[in-house]
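# Inside the fold
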Amino acid sequence: MIELRSEDLPTAERFPWWCELTARQMYPTLLSSDHADDYRAAVKVLELGRVTVAVPEFDCMRAVRTQRLIRRSDPEVWTLTLICGGSLWIEQDRERHELRIGDLVLQDPSRPFRSEALEAGGVARTVQLDLPRRSLPVPEQLLRGHASRPLPSRRGVGVLLARMLEELVCQGDDLSPVQCVLLGDALIELATAFLAGVVDRARVVPVETRQRVLMREIKAFVQRHLGRADLSPSSIAAAHHISVRYLHRLFQQEGITVGGHIRRQRLERCRADLADGRLSRQSVERIAARWGFRDAASFSRVFKTAYGMPPGAYRRSAAGAI
């Protein structure tokens, strides 16, 4: 991940540097700011194969993208932006929309727009995902009707997309080149499913893509509810509005069972807690119960089968290795 900061430059050079950087990294716009004399800005950039994730933090500013600038440089991308700090308004096609923290917005830099970012007690912050237009199977004429408007980011695929963008920023420095390419492809699939849902045209997305996105949503749901005693194929299927039979079929395509996946995730959480010295005063039974194992004897058996030793012995072994 690349990180650049205006603070590394003399005061007078900071805003011109930011104007040049945004034009080069994203696309040219006419920028102005009440803080141009001493502009605070920074950006992190993560290259993920076919897509790029950028995380700019900046003082309030105004941006204008004109037809002349578009003729000079059209990046041929759609930009999905997650508002993480401050607020933003965008005006495009004579419509103006206000965006708040937590909103997702699809930006179309191939058409003129005006915008203004406002900080709230500090700098504004966004996470921006640039998607090549040719990578999205959703028709452009449908997407244009939703550009610059707040999109649903607090439920369904929108939640997954927003969380993935935020997590990528946190983990970017630890990703290998191969992982970056794979995660870029996964982002394209997730963004496709999200945008197809926005335009209510899921049929334009390949079945395989919809299934992969659904599996990610199901697995994320399982992770969030591992400690619940009622976590089961029935409860998972009901939460995702699918049949239990279809749920089993999805997991069979990956060569695993629903119950086997739940058990493996619970065991991994237990194993991590048993190896954590900060939890040494918590009993094995308490750790097991926290992750959904209500019977201590049964937990001991499945743990030994998975890791080759009982949980107590594993904890002692992990403590001795520290």
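Above: the structure in question.
Residues numbered from 1 in each chain as written. Predicted model: local features only at pLDDT ≥ 70, side-chain atom pairs only at ≥ 80, totals over all residues. Heavy atoms only, no water.

## Re the overall build of the chain
Basically, it comes down to this: Secondary structure elements follow DSSP: runs of H or I no shorter than four residues count as helices, runs of E no shorter than two count as strands, and numbering proceeds from the N terminus. The buried label goes to any residue with under 20% of its type's maximum accessible area, the exposed label to any with over 50%, and the partly exposed label to all in between, with areas taken from a 1.4 Å probe on protein chains only. Here, two residues are considered to be in contact whenever any of their heavy atoms come within 4.5 Å of each other. Under this rule, positive means Lys or Arg and negative means Asp or Glu; His and the chain ends count for nothing. Taken as the charge location is NZ of Lys, CZ of Arg, CG of Asp or CD of Glu.
Within the chain, the secondary structure is distributed over 12 helices and 12 strands. Here the C-alpha coordinates of the chain stretch approximately 70 × 50 × 35 Å along the principal axes. Counting over 322 residues, the chain shows a buried share of 46%. Sequence-distant contacts in the chain: of pairs separated by 6 or more residues, those separated by 24 or more amount to 70%. For the chain, the centre of its 48 positive side-chain charges and the centre of its 39 negative side-chain charges are spaced 8 Å apart.

## Looking at the side chain of Thr79
Note the cut-off: Polar contacts, as counted here, are pairs of nitrogen or oxygen atoms within 3.5 Å of one another; within protein the pair requires one atom able to donate a hydrogen and one able to accept it, and residues that are adjacent in sequence qualify only if both atoms are side-chain atoms.
Considering the arrangement of structural elements, one finds Thr79 in strand S6 (residues 77-85). Note on Thr79: relative accessible area 0%, which makes it buried. A polar atom in the side chain of Thr79 sits 2.8 Å from the side chain of Asp130. Other than its neighbours up to four places away in sequence, Thr79 contacts Tyr27, Val105, Leu106, Gln107, Gln128, Leu129 and Asp130.

## Remarks on the packing of aromatic side chains
So the rule is basically this: Any two rings among Phe, Tyr and Trp, with Trp reduced to its six-membered ring, count as a pair given centres within 6.5 Å; such a pair is stacked if its planes are under 30 degrees apart, edge-to-face if over 60, and tilted if neither. As a reminder, the over-ring test applies to NZ of lysine and CZ of arginine, requiring each to be within 6 Å of the ring centre and within 35 degrees of the ring normal.
This structure, assessed with the given rule, holds 10 aromatic pairs. Geometrically, the ring pair formed by Tyr27 and Phe113 is edge-to-face, given 6.4 Å between the ring centres and 90 degrees between the ring planes. Taken together, the residues Tyr27 in the loop between helix H1 (14-25) and strand S2 (30-32) and Phe113 in strand S10 (residues 113-118) connect sequence positions 86 residues apart. The class for Tyr27 is buried, based on a relative accessible area of 8%. When the centroid spacing of 5.0 Å and the interplanar angle of 45 degrees are considered together, the rings of Phe293 and Phe299 count as tilted. For Phe293, a relative accessible area of 12% gives the class buried. Residue classification places Phe299 among the buried residues on the basis of a relative accessible area of 2%. Pairwise contacts between aromatic rings join Phe15, Trp17, Trp18, Tyr39 and Phe58 into one cluster. Sitting over the ring of Trp89, Arg96 keeps its end group 3.9 Å from the ring centre.

Read these as geometric descriptors, not functional statements.
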